[in-house]
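Structural overview for review
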Amino acid sequence: MVSASRNEKFRVEEKGITFARVWFLSQSWVSKETITVNRRLDEWVKLEQLDLDSVEAVVDEKVEEKGATGLKMTRHQKRKIDETHVEGHEELDAASLREHEEFTKVKNIATIELGRYEIETWYFSPFPPEYNDCLRLYFCEFCLNFMKRKEQLQRHMRKCDLKHPPGDEIYRSGTLSMFEVDGKKNKVYGQNLCYLAKLFLDHKTLYYDVDLFLFYVLCECDDRGCHMVGYFSKEKHSEESYNLACILTLPPYQRKGYGKFLIAFSYELSKKESKVGTPERPLSDLGLLSYRGYWTRVLLDILKKHKGNISIKELSDMTAIKAEDILTTLQSLELIQYRKGQHVICADPKVLDRHLKAAGRGGLDVDVSKLIWTPYKEQS
Ligand SMILES: CC(=O)SCCNC(=O)CCNC(=O)[C@H](O)C(C)(C)COP(=O)(O)OP(=O)(O)OC[C@H]1O[C@@H](n2cnc3c(N)ncnc32)[C@H](O)[C@@H]1OP(=O)(O)O
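Residues numbered from 1 in each chain as written. Predicted model: local features only at pLDDT ≥ 70, side-chain atom pairs only at ≥ 80, totals over all residues. Heavy atoms only, no water.

Looking at an unreviewed UniProt entry, one finds the protein named Histone acetyltransferase and attributed to Vigna mungo. Note on the protein: under the UniProt heading Catalytic activity (unreviewed entry), the record states "L-lysyl-[protein] + acetyl-CoA = N(6)-acetyl-L-lysyl-[protein] + CoA + H(+)". The UniProt entry for the protein carries this comment under Subcellular location (unreviewed entry): "Nucleus". (UniProt positions renumbered as here; feature names shortened; annotations may be inferred.)

When its secondary structure is counted, the protein shows 9 helices and 20 strands. Looking at the 380 residues of the protein, the share that counts as buried comes to 44%. Pairs at least 24 residues apart make up 60% of the contacts formed inside the protein by residues separated by at least 6 positions. Summing over all exposed atoms, the protein offers an accessible surface of approximately 21200 Å²; the carbon and sulfur share of this is 51%. (Helix = DSSP H or I, 4+ residues; strand = E, 2+ residues; numbered from the N terminus. Buried < 20%, exposed > 50% of the residue type's maximum accessible area, 1.4 Å probe, protein only. Contact = heavy atoms within 4.5 Å. Areas by Shrake-Rupley, 256 points an atom, 1.4 Å probe, with all protein chains shown as cover.)

Our focus in this paragraph is the UniProt feature "active site" (unreviewed entry) in the protein. UniProt's entry tags E280 with the feature "active site" (unreviewed entry), counted in the numbering of this structure. Its place among the elements puts E280 in the loop between β17 (278–279) and β18 (283–284). Given a relative accessible area of 12%, E280 falls into the buried group.

Moving on: the sheet that holds strand β10 (residues 146–147). A sheet is described by the order of its strands in space; here 4 strands give the open sequence β8-β7-β9-β10, paired in mixed fashion. This sheet does not close on itself; its edge strands, each paired only once, are β8 (117–120) and β10. By the bridge criterion, 4 bridges tie strand β7 (residues 111–114) to strand β9 (residues 136–139) in an arrangement that is parallel. Bridge pairing in β9 places I112 opposite L137. (Pairing = 2+ DSSP bridges.)

Now for the packing of aromatic side chains. Geometrically, a pair of aromatic rings is defined through the distance of the ring centres and the angle of the planes. Going through the model one piece at a time under the given rule, you end up with 19 aromatic pairs. Here the aromatic rings of W122 and F200 are separated by 5.7 Å at their centres, their planes lie at 80°, and the arrangement is edge-to-face. Note that W122 is positioned in the loop between β8 and β9 and F200 in the loop between α4 (187–198) and β13 (213–222), a separation of 78 residues in sequence. When sorted by exposure, W122 lands in the same class as F200, which is buried. Considering the side-chain rings of F139 and F146, the 5.4 Å spacing of their centres and the 50° angle between planes classify their relative orientation as tilted. (Phe/Tyr/Trp six-rings, centres within 6.5 Å; stacked < 30°, edge-to-face > 60°.)

Glancing now at the pattern of salt bridges. For the structure shown, the criterion picks out 14 salt bridges. A salt bridge links R136 to E118; the shortest N-O distance between them is 3.3 Å. Taken together, the positions of R136 in strand β9 and E118 in strand β8 put the pair 18 residues apart, joining distant regions of the chain. Classification of R136 as partly exposed rests on a relative accessible area of 26%. Judged by relative accessible area, E118 falls into the exposed class, the value being 52%. One salt bridge connects E151 with R149, and the closest N-O pair in it is separated by 3.0 Å. Residue class for E151 comes out partly exposed when judged on its relative accessible area of 39%. Here the residues in one salt-bridge network are E113, E118, R136 and K150, joined through shared partners. (Salt bridge = Lys/Arg side-chain N within 4 Å of Asp/Glu carboxyl O.)

Now for the site of the ligand. Near the ligand there are 26 residues, and of these T249, G257, G259, S284 and R361 occur at the shortest range. Contacts to the ligand include K260, whose backbone N or O atom sits 2.9 Å from an oxygen atom. Burial of the ligand by the surrounding chains reaches 86%, relative to a free accessible area of 970 Å². Put simply, the parts of the chain that give the shell around the ligand at least two residues each are β16 (247–249), α5 (258–272), β18 and α6 (285–305). Top element by residues in the shell around the ligand is α6. It accounts for 4 residues. (Near = heavy atom within 4 Å. Polar contact = N/O pair within 3.5 Å; in protein donor to acceptor, adjacent residues only side chain to side chain.)

Among the residues of helix α8 (residues 323–332), D325, I326, T328, T329 and L330 are the ones counted as buried. Check the buried side of α8 and you find it contacts α5, β17, α6, α7 (312–319), β19 (336–339) and β20 (342–345). Downstream of α8 by a residue or two, E334 has a phi angle that is positive, lying close to 60°.

This part takes up the nonpolar core. Counting residues in each nonpolar core, the largest one holds 80 residues, and the members touching the most others are M178, Y231, F265 and L330. Counting 7 residues, the second-largest nonpolar core is a separate cluster that includes Y138, F142, C143 and C160. (Core = buried A, V, L, I, M, F, W, Y, C linked by side-chain atoms within 4.5 Å.)

Positionally, H227 belongs in strand β14 (residues 225–235). The exposure class of H227 is buried, given its relative accessible area of 7%. Of the polar contacts made by the side chain of H227, one reaches the side chain of E141; its length is 2.8 Å. Apart from residues lying up to four places away in sequence, H227 is in contact with E141, F142, L218, C219, E220, D222 and Y253.

Mean pLDDT over the protein: 81, with 74% of residues reaching 70 or higher. Within the model, the stretch residues 1–31 combines pLDDT values under 50 with 71 contacts to residues more than four positions away or in other chains. In the predicted structure, residues 60–89 sits below a pLDDT of 50 and forms 41 contacts with residues beyond four places in sequence or in another chain. Both scores are available for the predicted complex, with the pTM at 0.81 and the ipTM at 0.98. (pLDDT = per-residue confidence, 0-100.)

In structure tokens:
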């Protein structure tokens, strides 16, 4: 039985009331970060499944603005369209964009099979139209080609000679390996990875132009091959000093420290490039939790060990974390105080210990001695 309680928002289709869409809003965030809310449990439910007596209707802001097309939109609607602005759809007017948003709100593929796992998906992903009627897709876990039927996958597996992602293995420690895949050299793999990732990423643009990206694919290796557990993508050149575009740990591997490993890895690459970096915005709720946990642990570990004064700039140089992210992390932990006309970091050891404990586990460590990598250089 699905019941819509106070902090859940619901909307009933105006005509032919059979289904309603329920948004399970996880938490309201008190943060300066732009993040997206949790729509993971979003689904269509039958009207009789709703407990309407316990619902307080949420009234949209009634301030109306005239859109460029002359359509009347509330501020809320306008913001939603701005947020969901989709790269490659600049030509769409407000009404078409709304239609696009409606269409992409609903999950198309319900489950995928990948390696040993059958995985329930979270969000819409714009697979090519010939896959519109598929509820389940079968992925080759090595080349990431996807198929409509299991027999097709079985036939493919007999022929596919990949046993790991294409590209260069740049890290191996124990059973963990990281492969760097150049989107330009492995276009189909890059696109397949994006289709797959979008099933678990909500407000991220799907880039068809994968040439501009490098993909860092993390694998658990055994005698059957290297099995993807997650990845992050990185622009080859970022004017905004982004060192990570999208990050994903596949659901069966989540909460094992791989997310923080991927984040730590992205900063190790930035250190090798002698740059500071920051993740592309907006962050998802889980993305923000993972980053906040990582930033807190890295910064407080340094503050605990450091004797004497240390500036944000020095912290940034040591960690490759962008100064703004250091500042917001320390501010959110209330470790920045204004004294004698300037901002200072106040690092009482007991307070640091308390925050470190709350920041969760450290994640898997990146053994930098096992990283063999040179920064990307355009080949002429
Ligand atoms: C820039 C961007 O791409 S933003 C988008 C980020 N990506 C996504 O949202 C895609 C879907 N989500 C994911 O792929 C994963 O949840 C990730 C990549 C964000 C995190 O990956 P994981 O492998 O689960 O991370 P990891 O095990 O290191 O845990 C990270 C921390 O995040 C928090 N966290 C992660 N998942 C959850 C959850 N379901 N509930 C509560 N806290 C969670 C915890 O604090 C956790 O630390 P802890 O386990 O020590 O308590």
